[in-house]
Protein chains: 2
Amino acid sequence: MTQNGFHVAVVGATGAVGQQMLKTLEERNFPIAKLSLLASSRSAGKTAVYNGEEVIIQEALPEAFEGVDIALFSAGGSISKALAPEAVKRGAVVIDNTSAYRMDENVPLVVPEVNEEDIRNHNGIIANPNCSTIQMVVALKPLHEKYGLNKVIVSTYQAVSGAGAKAIEELKSQSQAILDGKEFTPEILPCASDEKHYQIAFNAVPQIDKFQENGYTFEEMKMINETKKIMHMPQLEVAATCVRLPVETGHSESVYVELGENVSSLEEIKDLMTSSEGITLQDDPQNQIYPMPAHCVGKNDVFVGRIRRDLDRNNAFHLWIVSDNLLKGAAWNSVQIAESLIKLELLN
Amino acid sequence: MTQNGFHVAVVGATGAVGQQMLKTLEERNFPIAKLSLLASSRSAGKTAVYNGEEVIIQEALPEAFEGVDIALFSAGGSISKALAPEAVKRGAVVIDNTSAYRMDENVPLVVPEVNEEDIRNHNGIIANPNCSTIQMVVALKPLHEKYGLNKVIVSTYQAVSGAGAKAIEELKSQSQAILDGKEFTPEILPCASDEKHYQIAFNAVPQIDKFQENGYTFEEMKMINETKKIMHMPQLEVAATCVRLPVETGHSESVYVELGENVSSLEEIKDLMTSSEGITLQDDPQNQIYPMPAHCVGKNDVFVGRIRRDLDRNNAFHLWIVSDNLLKGAAWNSVQIAESLIKLELLN
C-alpha cells in the first residue's frame, strides 16, 4: 500500500454485484489510493461512477493487475478461473465472489463473523461464499458456539437479483405483461444457461442453478458444502431446498436447527442473536415484527426473526433469516474480507 | 334425495372459493335436483351463474336450509358457527370449509384420499381441512402406509387467493404501483383482521393468519394439528413455517420427511406417488420438470416433484408439493367429500 491506501481493482464493475461493490467501498470509506475498474472487452471504455467521479473501465487483461493490492472479482466463474491466478502472480490478493474456488481446499471460504481467522491461510485467493449460505451461517455460528449444532434443514425464498441484472428486468417486464394480460416469453430464469425458461412473475420456481446428478441443484449443493466448510463441521447434517421467487432483492430462509443441547428459554436465544455481530433481531410476533425482503434492501445486516421452539424436540428451533443478497450476500461480505485483510495485517 | 338428485346449498357463493365450488359441481356433473345459493343479506338478491343459468342468491337464514340435503359452507367461521347447526337440525349434512369445526372431536376432518372412512362417523358436520394441510397429507398418506412416518417439517409458499378476492386485488394493484414507482398503502395482507398490513407485491411475508401465544401463527398450528387428526397420528412430529408470496393461486410446500424405515431406491418412491390417487408426479430434474404454482391452476390434482434422498439420513426425503389452493385446497376437496357421502350411501 501507499501512504494513501491500496490499489483496488474491481472486476465486473458493471454488474449488479459490481455496482454494489463500488457503493459499499464508498460507504465504508475504504482506503483506496488507486481504483481500477475492469470488465470484458465489451464494457471497456464505458465509465462507472466512484465517489462522484467517472472512472473509465479497462479491459480485464492479465497486465491490468500490475501493482494491484486487492482484486475484487465478480464477473462469473470462468473469468475468475482465467484471471485470478494472473492477479495473484502479480502480487494481488483476490477476493472472489464466484463459485470457482470456493471448494478448493487451498482457498479459504470466509464470512468474517464466522471464520475470519481462516483468511490467514490464504494463498492469494479468498473465496466469498454463495449469497444464501452467507446469511445462514451468520445466524448459525452463535448457536453452534453456545449450544453445538447437529442438523440444519433450510428452505430458501430467493430474489431474482441473485441471477443478475437481466433477471431483474425479466421479472419486471413479465409482471407488467401479466397485469396487462399480454403474452410473454421467459428467456432468462430460472437459469440462463439451462435449456428451459419459466415464468417467474407471480410464480415460485424450485430451481436455482443447474441440476446435479443426485437430483439437487448446484445452488442446494453450494449451501450444503459451503456451510460445512465455513463452519469447519464436515459432519454437520445440512439439507437445502432452493426456490426462486418474484422478489427483486432480499433472500429469505426458513431454517430448522437441532442444537447440541436443550435450551431452557427462548429469550436466551433471542438475546444471543441480539448480541451477535452482524445480526439484527426482528422478532416480536405479537406486534407483527419479523424480517421481510422488502425491508432489508440496502442494509448490511442479517435479519433474524420468527424464532420458535420446535413443538416436538427440546433442542430444536425454527428461524426466519433475511438479508440483502447483493450486500451481505455478495458486495458487503467481499469488502468485509478486504477490511479483515487490513485488520489482520495480511496485506504487504 | 329426489329421483333427479339432491338439494344442494352453497353458503358463500360469491366468494373466491364459493365460485370455484359452483364450477366444480358443474364440471363433476354433480346430481343436483335443486340448488340454493346463500349469502349474507348484503349479497342477497344478486345472482350467480350455474350451468349457464342465473340463480338468485338468498339470504342465509336458518329457514333457507329446509329440505337441503347437502350444505357446502365457505363464508367464514362465524357464519358456520351460527348456521351449520341450523342446517343440521333441518336434516342437511354440512361440509364446512372454515376452521370452525375442524378440531372438534365430534366432527370428522376429511381428505377423501386419506381418510374417507372417517365420514361414516359424522354427526351432521364434516370439516374440510385447511388448504395447505390438504395437499400435504395427500402426499404423506402413501408414504406413511408403505414405510411409516416419523417426522415432517414443512415450509410453505402460499398464494394470496387463500386470503380471498380482496387480497388478489391488492396483489395486482400493489404490483402495478411498484412497477410505476407510485405510492401505495397495504390494507389487507398479511391478515385483514390483524393490526398491521405489509407490502405483498415483490415480497415474502412470514405471517398467515394471526399469531398464537407460542409464537406460531394460527395457519402453522392448523397444519400441525390437522395433519395429526386427518392421519390419526397424534404422535407424529410435525413442524410448519407458513409464508405468503406474491402468487395469485397455487400453494407450494418444501417438505422434509423421516420415514419409518430406509428406502432402497428413489424410483420406488416415485412409483408410489405415480400410483397414488389424486397425485400427479412431475419429477424429471434433468429435463427441468417439477411442479410450479403457475402450472397447477385449474387442476384438481396434487403435484409432487423434486423428490430427493436426504444426504445424511437414509430414511429421510425431501419433496416439493404444489396444488391449486382453491380447488384441492378448498372447493374440489369439499365436492369430493360430497361425492364420498353418496358413494358410502350416507345421505338419506
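Residues numbered from 1 in each chain as written. Chains lettered and ligands numbered in written order. Predicted model: local features only at pLDDT ≥ 70, side-chain atom pairs only at ≥ 80, totals over all residues. Heavy atoms only, no water.

Visitor: I'm lost on empty space enclosed by the protein in this one. Help?
Guide: With a probe scaled to a water molecule rolled over the atoms, the places where space remains empty come into view. This structure, assessed with the given rule, holds 2 cavities of 30 Å³ or more. Considered as a void within the structure, the largest cavity measures approximately 100 Å³ in volume. Around the largest cavity, the lining comprises 17 residues; the ones closest to its centre are A:Ile153, A:Val154, A:Ser155, B:Ile153 and B:Ser155. Going through the elements one at a time, β9 (149-157), β10 (237-241) and β11 (251-259) of chain A together with β8 (149-157) and β10 (251-259) of chain B are the ones with two or more residues in the lining of the largest cavity. Its boundaries defined by the atoms lining it, the second largest cavity holds a volume of some 30 Å³. Across the lining of the second largest cavity, the residue classes break down as 6 nonpolar, 1 polar and no charged. (1 Å grid on protein atoms, 1.4 Å probe; cavity = no way out; pocket = protein on both sides within 12 Å on 5 of 7 lines; lining within 4 Å. Points joined across faces, edges and corners; volume = space filled by probe spheres on them. Helix = DSSP H or I, 4+ residues; strand = E, 2+ residues; numbered from the N terminus. Nonpolar A, V, L, I, M, F, W, Y, C, P; charged D, E, K, R; others polar.)

Visitor: Would you take a moment to explain the domain arrangement of chain A for this structure?
Guide: How large an interface is tends to be reported as the accessible area lost when its parts come together. All names here are of chain A. For chain A, the assigned domains are domain 1 (6-128 + 330-343) and domain 2 (133-325). The gap between the C-alpha centroids of domain 1 and domain 2 is 25 Å. Interface area, domain 1 with domain 2, both sides summed: about 1600 Å², of which 62% is carbon and sulfur. Inspection of the domain 1/domain 2 interface yields 1 salt bridge. The partner of Arg 102 in a salt bridge is Glu 226, with the nearest N and O atoms 3.2 Å apart. Listing elements by their share of the side of domain 1 that touches domain 2, those giving two or more residues are α3 (112-115) and α9 (327-343). (Domains from an automatic or database assignment. Buried area = accessible area lost by both parts, 1.4 Å probe. Salt bridge = Lys/Arg side-chain N within 4 Å of Asp/Glu carboxyl O.)

Visitor: Quick question: what am I supposed to make of the sheet that holds β10(A) here?
Guide: Through backbone hydrogen bonds, the strands of a sheet pair up, either in parallel or in antiparallel fashion. All names here are of chain A. In space, the 6 strands of this open sheet follow the order β10-β9-β11-β14-β13-β12, with mixed pairing throughout. Looking along the sheet, the strands with just one partner apiece sit at the ends: β10 and β12 (279-281). Averaged over all pairs of adjacent strands, the angle between their axes in this sheet comes to 25 degrees, without regard to strand direction. The sheet contact formed by strand β13 (residues 302-309) and strand β14 (residues 316-323) spans 6 bridges and is antiparallel. Looking at β14, one finds that Val 304 is bridged to Ile 321. (Pairing = 2+ DSSP bridges. Axes fitted to C-alpha atoms, helices over the stretch in contact; angles between N-to-C directions.)

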